[in-house]
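# Reading the structure
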Amino acid sequence: MPIPVTMPALSPTMTEGRLAAWRKREGDAVSPGDVIAEIETDKATMELEAVDGGTLGKIVVPAGSAGVKVNDVIAMILEEGEDAAALAKTPAKKVAPAPAPAVAQPVDAPKAQPAAPRADGSARAFASPLARKLAKDAGVDLNSLTGSGPGGRIVQRDVAVLQVAPAQAKAPAVPPMAAEAGTLLPHNNIRRITAERLTEAWRTIPHIYLTADCVIDELMRARANLNERAGDLYKLSVNDFVIRAVAFALRKVPEMNAQYSAAGTLQLSSVDVAVAVALKNGLITPIIRRADQKGLAEISTEMRALAEKAKAGKLMPEEYQGGGFSISNLGMFGVKQFNAIVNPPQAGILAVGAGEPRAVVRDGAVVVATVMTCTLSCDHRVVDGATGARFLSAVRGFLEEPMTMLL
Amino acid sequence: MADRYDLLVVGGGPGGYVAAIRAAQLGMKAVVVEAEHLGGICLNWGCIPTKALLRSSEIFHLLQHLDEFGFSADNIRFDMGKVVARSRKVAKKLSLGVAHLLKKNKVTVIDGRGRLSGPGTLAVEKDGRIVAELQAPHIVLATGARARQLPGLEADGERIWTYREAMVPAALPKSLLIVGSGAIGIEFASFYRSMGAEVTVVELLDRILPVEDEEISDLAAKAFRKQGMTLLTSSKVTSVKKTSDGISAVLATPEGERKIDVEKVISAVGIVGNVENLGLEAAGVKVEKTHVVANDFGETGVKGIYAIGDLVGPPWLAHKASHEGVVCVEHIAGKHPHAMDKSAIPGCTYSMPQVASVGLTEARARADGREVRVGRFPYAGNGKAIALGEAEGLVKTVFDAKTGEFLGAHMIGAEVTELIQGYVVAKTHETTAEALAETIFPHPTLSEMMHESVLDVLGKRIHF
């Protein structure tokens, strides 16, 4: 029997993907592990490896097809000794009647819904007992998770860093575009997911905003000083200092490093800072993991690498999924101040404006200082005003006296 | 002209030789440079020979309780020379076994002391001469650790011993002062006490076996005192003086100063890493508190130089070193291994009674801010333990109250060092109380206590 190759679920939120390119042609020999196609997922382009060996008998879904549902057959592999005639006997579209997640169930459907087949084709989600318990408590479907344990097993950390998937198919249908003058540009996956996420966040999260002006003359001096000595080793940006300041502040005010869910507040144990990177066609937030344990040079180098990968669309899911807090910096565009939307399930995001000379009052006299305005947006369900204020004040303290970040 | 290899390992202990074999399995041309004997301290002067000694003391103990089992014998004596000779024979056999394993895996063994002599280069010294120069893109340092010397209590090999001399006594000392009550100190205390020596243990902290759960420390102290050991906690040695037939020591105890005369002293006050003469400084490898600084994969921050095992710090355990060796080499080979889960490293003390543990102690879990539930099951409630004549001991388990996550297990009693592995598997696989409760344990075994302790957490304990 020819072996069907199906559209894999490459990330927790993925229900459909775009088949970007085929790397093998019909008739090519395929060994397990060979990259046969490129799939564009929610936010990145991933390589699809063959699980079975043989000959690529038939490409069912041509390259460039968008909206290919997870588990749809995209190609058929012929086993050794099989000829192309065998293809005629196999069903063309679906392997198994996979339950389509968004379709309404019949009223008398059994209570337990069959789990969606995993990427590897098996029906059972491999998960540790603890991961099962945590997922159950949080009301999360294990099949929506990607395992990072041995053999892809879902373990505690996979549930702990979980991005709660936006509720699907709840949003009212968008009315069809009126026939107006102009060109309709179809959404890519990044635009679609960004739109879903932001709408969800805006609708469900009560935001509060706290703004502080930070005097960063000392920071600028420290930065110039460090960069002068760096040679080619590193080049620190103001944002690298902001990442470190945020990481330290999260450690100082751990209540900010939390996530709201109906079941309770998840207090995160590690300090993972996400940083928004603008792409040509949307936005992505790669993550500096354990940023509180990294020095400026390390943060800077890592951030640079992540931003480059992000722009090339090559970020791996683990590089942008999770994170406890986000930073969005529009300073380089000369923006003075703005309010950002919280990136769920995180509890906060810091909107950073441009550092610019402004008149400030010091000891009763007006002097010129470099000032950068930062606005913290909080999920008010988990972060009280006072908590947010303590956090913002810690960030400002670290930015204004960068020496204290050496401790 | 330097010889070129894929991977060099400095040190042939349980970290180094395992790393080299794993490297060979992955197709690398690997070398072990060892200055003394393959198998390292573990095999030659640690884990293995002490287990041989303790086996002798267990047998001696049993012989003294023959009546309980329906036997009688007169004139039971031992020959310390033979006891030690057996221990050495066991160590020798296993060391030769390691040589065989390395040969079988086509790992080159070079006799001498390795020293980083330039980027990717290792010089091997033997008797003050450089006998070889080796090159490889990856150099794994696994030189281990040694006993810490306490100022004023420096081992002289005669009357003040470290583990080395304590392992090869010419005769049984009449009396012994053991300084330090970690696993090493307690194992020697147990061995010498069982063989008949007067044993006094001095511990600076407020309990013996201080890394273990407090409840287990207390039970161990009770058992040892019952055997006639003197345990002085919150105490320290303030001075030692050599006398005509031994050592006269002054101890500071909470009850005041105390003078004690003993034949020998064993110093077991901790471990320092073997970081000297490795060329670390010139290579730019960072050393903190006598240990090399390395990440989860053994990377030191200097390209091509890795460090594993006792050299990188606690816990100073052979199984931790071996695991680090494997992870390091697989990482080098691009196999993306998982970093070692440090919360799941078991620890064992082979005294009588034995002590074994894995994961968080109850106090540690509470200090971490967790709401915990604790299960207990005593040896007195276990059929197999009673049949064995080993009805003293405890199996204690610690779980997260909210999620049921298995956090740790702490055991004292017969064979717990063999039993603990069941809990280590449970920990590594992230089990919960519910999942363990559903597991079937064979009857009659000591392992049933491991089940009952978990059932206790759920309020379902049956046999006590």
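Here the structure is a predicted model, which is why all the values come from computation and not from measurement.

Right, let's talk about the overall build of chain A for a bit. Looking only at helices and strands, one finds nine helices and 18 strands in chain A. The proportion of buried residues among the 407 residues of chain A is 36%. Residue pairs in contact within chain A that sit at least 24 positions apart in sequence constitute 64% of those at least 6 positions apart.

Moving on, we come to the sheet that holds strand β6 (residues 121-126) of chain B. Residue and element names in this part refer to chain B. Strand order across the open sheet formed by four strands is β1-β7-β6-β5, with mixed pairing between neighbours. For this open sheet the edge positions go to β1 (3-4) and β5 (113-118), each flanked by a neighbour on one side alone. Taken together, the two bridges between β1 and strand β7 (residues 129-135) define a ladder with parallel strand orientation. Looking across to β7, one finds that R4 is bridged to Q135.

Residues and elements named next belong to chain A. Reading across from one edge, β1-β8-β6-β3 is the order of the four strands in this open sheet, with antiparallel pairing throughout. In this open sheet, the two strands that pair with only one neighbour each are β1 (3-6) and β3 (29-30). With two bridges joining them, β3 and strand β6 (residues 54-59) adopt antiparallel strand pairing. Looking across to β6, one finds that V30 is bridged to G54.

With that settled, the discussion passes to the interface of chain A and chain B. Of the residues lining the interface, nine residues belong to chain A; the matching set on chain B comes to nine residues. Along the lines of polarity and charge, the residues of the side of chain A that touches chain B split into six nonpolar, two polar and one charged.

All names here are of chain B. Following both chains from N to C, one finds helix α1 (residues 16-25) and helix α9 (residues 318-332) inclined at 35 degrees, their axes separated by 8 Å at the closest point. Once α1 is placed against α9, the crossing between them reads as right-handed. Along the contact surface, α1 presents G16, V18, A19, R22 and A23, while α9 presents S322, G325, V326, C328, V329 and E330. Grouping the constituent residues of the contact of α1 with α9 by class yields six nonpolar, three polar and two charged.

A separate point is the environment of A:R358. Among the secondary structure elements, A:R358 is positioned in strand β17 (residues 348-362). Between the alpha carbons of A:R358 and A:M372 there is a distance of 9.3 Å; along the sequence they are 14 residues apart.

As a further point, take the nonpolar core. One broad rule of soluble globular proteins: the nonpolar side chains tend to lie buried together. One finds B:L8, B:V9, B:A19, B:A20 and B:L141 to be the most contacted residues of the largest nonpolar core, which totals 135 residues. For B:A19, the contacting residues outside a window of four places in its chain are B:V9, B:V140, B:A142, B:I308, B:G325, B:V326, B:C328 and B:V329. In terms of nonpolar packing, the next biggest core, distinct from the first, is built from 82 residues, A:I74, A:I327, A:A347 and A:V395 among them.

Once that is clear, we can look at the pairing of β5(B). Residue and element names in this part refer to chain B. Where β5 lies against β6, five bridges are found, and the strand directions are antiparallel. Paired with G114 across the two strands is V124, which belongs to β6. Hairpin connection between β5 and β6: a loop of two residues separates the two successive antiparallel strands, and G120 in this loop has a positive phi of roughly 65 degrees.

This part is about helix α4 (residues 189-204) of chain A. Residues and elements named next belong to chain A. Taking 1.5 Å of rise per residue, the 16 residues of α4 would be expected to cover 22 Å, and the 22 Å separating its terminal C-alpha atoms lies within 8% of that figure. Of the residues making up α4, those classed as buried are N189, I190, I193 and A201. On an axial view of α4, the arc spanned by its buried residues comes to 95 degrees, and they lie on one face. Residues of α4 that are exposed and point over 90 degrees away from its buried face: W202 and R203. Contact partners of the buried residues in α4: β2 (16-22), β4 (35-40), β13 (277-279) and β14 (282-284).

Another point: the packing of α1(B) against helix α4 (residues 80-104) of chain B. Working note: a packed helix pair is described by the angle between its axes plus the distance between those axes. Residue and element names in this part refer to chain B. Running from N to C, α1 and α4 cross one another at 20 degrees; their axes reach a closest spacing of 9 Å. Classified by the angle their axes make, α1 and α4 are roughly parallel. Of the two possible hands of crossing, α1 and α4 adopt the one that is left-handed. In this structure, α1 contributes Y17, A20 and I21 to the contact, and α4 contributes V98, L101 and L102. Of the residues contributing to the contact of α1 with α4, the split by class is six nonpolar, no polar and no charged.

Across chain B, the average pLDDT comes to 95, with 100% of residues at 70 or higher. Scoring of the predicted complex yields 0.61 for pTM and 0.76 for ipTM.

Attention now moves to the environment of A:Y320. Looking at where A:Y320 falls in the secondary structure, it is placed in helix α8 (residues 317-320). Distance in space between the C-alpha atoms of A:Y320 and A:I288 is 9.1 Å, their sequence separation being 32 residues.

The subject of this paragraph is the pairing of strand β16 (residues 325-329) of chain A. Residues and elements named next belong to chain A. Of all the five residues making up β16, five are buried; the element is thus mostly covered by neighbouring parts of the structure. A two-sided burial pattern is seen for β16, the buried positions comprising F325, I327 and N329 on one face and S326 and S328 on the other. Note: strand β12 (residues 273-275) against β16, three bridges, orientation parallel. The residue of β16 that forms the bridge with V275 is I327. As defined by bridge partners, β16 adjoins β17 across four bridges and the pair is classed as parallel. Opposite I327, over in β17, you have L350 as the bridge partner.

A separate point is unusual backbone geometry. The residue after A:P344, namely A:P345, is reached through a cis peptide bond having omega 5 degrees. Tracing the backbone through its elements, the reader meets A:P345 in the loop between β16 and β17. The phi dihedral of B:S234 falls on the positive side, at around 50 degrees, and the residue is not glycine. Inspection of the secondary structure puts B:S234 in the loop between β13 (230-232) and β14 (236-243). The backbone of B:E415 sits at a positive phi, close to 60 degrees, despite the residue not being glycine. Within the secondary structure, B:E415 sits in the loop between β26 (406-413) and α12 (416-428). Overall, the presence of 19 C-beta atoms within 10 Å leaves B:E415 in the partly exposed class.

Analysis parameters
Residues numbered from 1 in each chain as written. Chains lettered and ligands numbered in written order. Predicted model: local features only at pLDDT ≥ 70, side-chain atom pairs only at ≥ 80, totals over all residues. Helix = DSSP H or I, 4+ residues; strand = E, 2+ residues; numbered from the N terminus. Buried ≥ 20, exposed ≤ 12 C-beta atoms within 10 Å, placed from the backbone. Contact = placed C-beta atoms within 7 Å. Pairing = 2+ DSSP bridges. Nonpolar A, V, L, I, M, F, W, Y, C, P; charged D, E, K, R; others polar. Axes fitted to C-alpha atoms, helices over the stretch in contact; angles between N-to-C directions. Left-handed = near helix turned anticlockwise from the far one by under 90°. Core = buried A, V, L, I, M, F, W, Y, C linked by C-beta atoms within 7 Å. Expected span 1.5 Å × (residues − 1). Arc of directions from axis to C-beta. Parallel < 35°, antiparallel > 145°, perpendicular 65-115°, else oblique. pLDDT = per-residue confidence, 0-100.

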